[in-house]
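Structure assessment
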Amino acid sequence: MIAVPEPDLTERELVERAVALRPALLERQAETEELTRYPEETHQDFLRAGFYRTLQPRRYGGYEFGLPTFYRVVTEIARGCPSTGWALCLTAAHVLQVAGVFEKKAQDEIFGTDGDFRAASTVAPVGLARPDGDGHILLDGVWPYSSGAPYSTHYIGQTLRAPEKPDDPPGPFVLFIAPRSQFTVVEDWHGVLGLRGSGSNSVRIDNGRVPTHFTRETSLLDLPVEGGTPGSKLHDNPMYAHRAPSFYHGELAAIIIGTAYAAADEYARILTERPQLLDPTRTRAELHDYQRHLGEALGAIHTAEAALQHNAHAWMEACRRNITGEEAFTTAVDNRLALVFQHAGRMAYDVLQGTLFRTAGSRHARDGERMQRYFRDAATYWTHVGASMAEPLARRVGCDRLGLPSDGIPLIP
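Summary of the structure given here. (Residues numbered from 1 in each chain as written. Predicted model: local features only at pLDDT ≥ 70, side-chain atom pairs only at ≥ 80, totals over all residues. Heavy atoms only, no water.)

1. Side note on the sheet that holds strand β7 (residues 215-216)
For sheets, the rule is that strands pair by backbone hydrogen bonds, running either parallel or antiparallel. If you walk across this open sheet you meet the seven strands as β5-β6-β2-β1-β3-β4-β7, and the pairing is mixed. Pairing within the sheet leaves two strands with one partner each, and these edge strands are β5 (184-186) and β7. In this structure, strand β4 (residues 173-179) lies alongside β7, joined through two bridges in antiparallel fashion. Paired with Leu175 across the bridge in β7 is Arg216. (Pairing = 2+ DSSP bridges. Helix = DSSP H or I, 4+ residues; strand = E, 2+ residues; numbered from the N terminus.)

2. Here we look at the nonpolar core
Counting residues in each nonpolar core, the largest one holds 113 residues, and the members touching the most others are Phe51, Phe70, Tyr71, Ile77, Phe247 and Trp315. Top element by residues in this core is helix α10 (residues 244-273). It accounts for 16 residues. Setting aside residues no more than four positions away along its own chain, Phe70 makes contact with Thr54, Leu55, Cys89, Ala92, Ala93 and Phe247. Core analysis: the next-biggest nonpolar cluster, separate from the first, contains five residues, Leu339, Met389, Leu393 and Leu411 among them. (Core = buried A, V, L, I, M, F, W, Y, C linked by side-chain atoms within 4.5 Å. Buried < 20%, exposed > 50% of the residue type's maximum accessible area, 1.4 Å probe, protein only. Contact = heavy atoms within 4.5 Å.)

3. As for the pattern of salt bridges
Taken as a whole and assessed by the stated rule, the structure comprises 29 salt bridges. Notably, a salt bridge pairs Arg373 with Glu33, separated by 3.4 Å at the nearest N-O pair. With Arg373 in helix α13 (residues 370-382) and Glu33 in helix α3 (residues 29-35), this residue pair connects regions lying 340 residues apart in the sequence. Comparing Arg373 with Glu33, the two get one shared label, buried. A salt bridge links Arg269 to Glu273, with the nearest nitrogen and oxygen atoms 2.6 Å apart. One end of the pair is Arg269 and the other is Glu273, both in helix α10 and four residues apart, which spans about a single turn. Sharing partners across several salt bridges, the network here consists of Glu317, Arg320, Arg321, Glu326 and Glu327. (Salt bridge = Lys/Arg side-chain N within 4 Å of Asp/Glu carboxyl O.)

4. Here we look at the packing of helix α12 (residues 331-360) against α13
The contact between α12 and α13 brings their axes to 10 Å, and the two run at 145°. Once α12 is placed against α13, the crossing between them reads as left-handed. Residue-level inspection shows Gly345, Arg346, Tyr349, Leu352, Gln353, Leu356, Phe357 and Ala360 of α12 in contact with α13, the latter providing Met371, Gln372, Tyr374, Phe375, Ala378, Ala379, Tyr381 and Trp382. For the contact of α12 with α13, a count of residues per class yields 12 nonpolar, three polar and one charged. (Axes fitted to C-alpha atoms, helices over the stretch in contact; angles between N-to-C directions. Left-handed = near helix turned anticlockwise from the far one by under 90°. Nonpolar A, V, L, I, M, F, W, Y, C, P; charged D, E, K, R; others polar.)

5. Considerations on the packing of α10 against α13
Two packed helices can be described by the angle between their axes and the distance between those axes. In contact at an axis separation of 10 Å, α10 and α13 are set at 160° when each is read in the N-to-C sense. When the interaxial angle is binned, α10 and α13 end up roughly antiparallel. When the axes of α10 and α13 are compared, the crossing they make is left-handed. Residues Leu252, Ile256, Thr259, Ala262, Ala263, Glu266, Tyr267 and Ile270 of α10 pack against Arg370, Met371, Tyr374, Ala378 and Tyr381 of α13. Looking at the contact of α10 with α13, its residues break down into 10 nonpolar, one polar and two charged. (Parallel < 35°, antiparallel > 145°, perpendicular 65-115°, else oblique.)

6. A closer look at empty space enclosed by the protein
In the structure shown here, the tally under the stated rule is one cavity of 30 Å³ or more. Residue lining of the largest cavity: His249, Leu252, Ala253, Phe341, Gln342, Tyr381, Gly386 and Ala387, and that is the complete set. For the lining of the largest cavity, the elements supplying multiple residues, two or more each, are α10 and α12. A class-by-class count of the residues in the lining of the largest cavity yields five nonpolar, three polar and no charged. (1 Å grid on protein atoms, 1.4 Å probe; cavity = no way out; pocket = protein on both sides within 12 Å on 5 of 7 lines; lining within 4 Å. Points joined across faces, edges and corners; volume = space filled by probe spheres on them.)

7. Digging into helix α11 (residues 288-324)
Structurally, the α-helix is built with 3.6 residues per turn, so residues lying three or four positions apart point the same way. Between its terminal C-alpha atoms α11 stretches 54 Å, which fits the 54 Å expected from 37 residues at 1.5 Å a residue. Phi for Gly325, located one or two positions after α11, is positive at around 90°. (Expected span 1.5 Å × (residues − 1).)

8. Looking at helix α5 (residues 67-80)
The end-to-end C-alpha separation of α5 is 20 Å, in line with the 20 Å expected for 14 residues at 1.5 Å each. Counting buried positions along α5 yields 13 of 14 residues, so the element is predominantly enclosed.

9. Re unusual backbone geometry
One non-glycine residue, Tyr145, lies in the positive phi region at around 55°. Inspection of the secondary structure puts Tyr145 in the loop between β2 (136-143) and β3 (154-161). For Tyr145, a relative accessible area of 59% translates into the label exposed.

10. What to know about the pairing of β3
Summarising burial for β3: six of the eight residues are buried, a large majority. Bridge count between strand β1 (residues 119-131) and β3: six bridges; the pairing is parallel. By the bridge assignment for β3, Ala120 is matched with Tyr155.

Next comes the structure, spelled out in structure tokens:
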């Protein structure tokens, strides 16, 4: 057992800490983009606040708070800096897979003596897992787009099992966890349109050596959870018996909703400070059209967040029902939850680019302007592989409702 840093910390207090950091994150936005990762000062703020431990089991020094609280923290951090929210979310979230899929022996070693754990990840398999005959697998490869890699203590990756004979095809997916000593962070996160400070670097493993019990022959997109997992039994918490895709889409929705709130904050500032073109003695805040733009945008963002939070509770309920045997957490359940998260994110994205950025004025599309940064970040979110799953997810949900097979519809092209 690892002691929790603050045993009496509440979920509400954790969210309040995220809100309180907003002014500092706003001031650090430009520095974060320049560094291509959030600064060490922000990392120390997150360590003190306990954000990395939000979903981590209490057995291993975490707070084991629920998914709704985690998404609220992510939304608030992204409201201060979208790049920072993205990186925090995609390193603090993967503890769920570790705590769910792996056996106690692996978890004891992974979380160590102090529970300091952060893990970047990517879904694409790279390279081959080769057994060394001594209880380990050998890994080589470069895993790109590993958001949050600069501050990660571990890496969760996917590879393929090496064939037994040279001419045979590779074997099934192998999910692995590599400690920090086994990988290096490639300084290649630059030249992107948005999310420039998300630390989405590549991770390189050269002749890495990972214990076999740090691996599972499974895919992140199809974790076997029906009836429970090793982690849900170990921690006596249904949250650790979940399917990952829906959870992942909720992560992206929480980030883009926070980004939309940030754009609305900036829009309100612009309206109160910018003089009217033909009557410079008055500001745009007095014009009905701009009041309506802001009100409609806030209505859409609030609705998106309400959908995010409601669906997060539904996700927790799906985990509980899976454990009790009331209803298995099947792919069909996962599809339905994922599509709701997708729609929440789409609603926030649409209002950010279609209303707030469009009507803020061209002067706020210049380099260095926060509104431009939010637009770039949102555009980059919309090109992400997660956003591209919208159409296959919709088709899956339609087929599920019609009683037609949907598992064969690929989520990723």
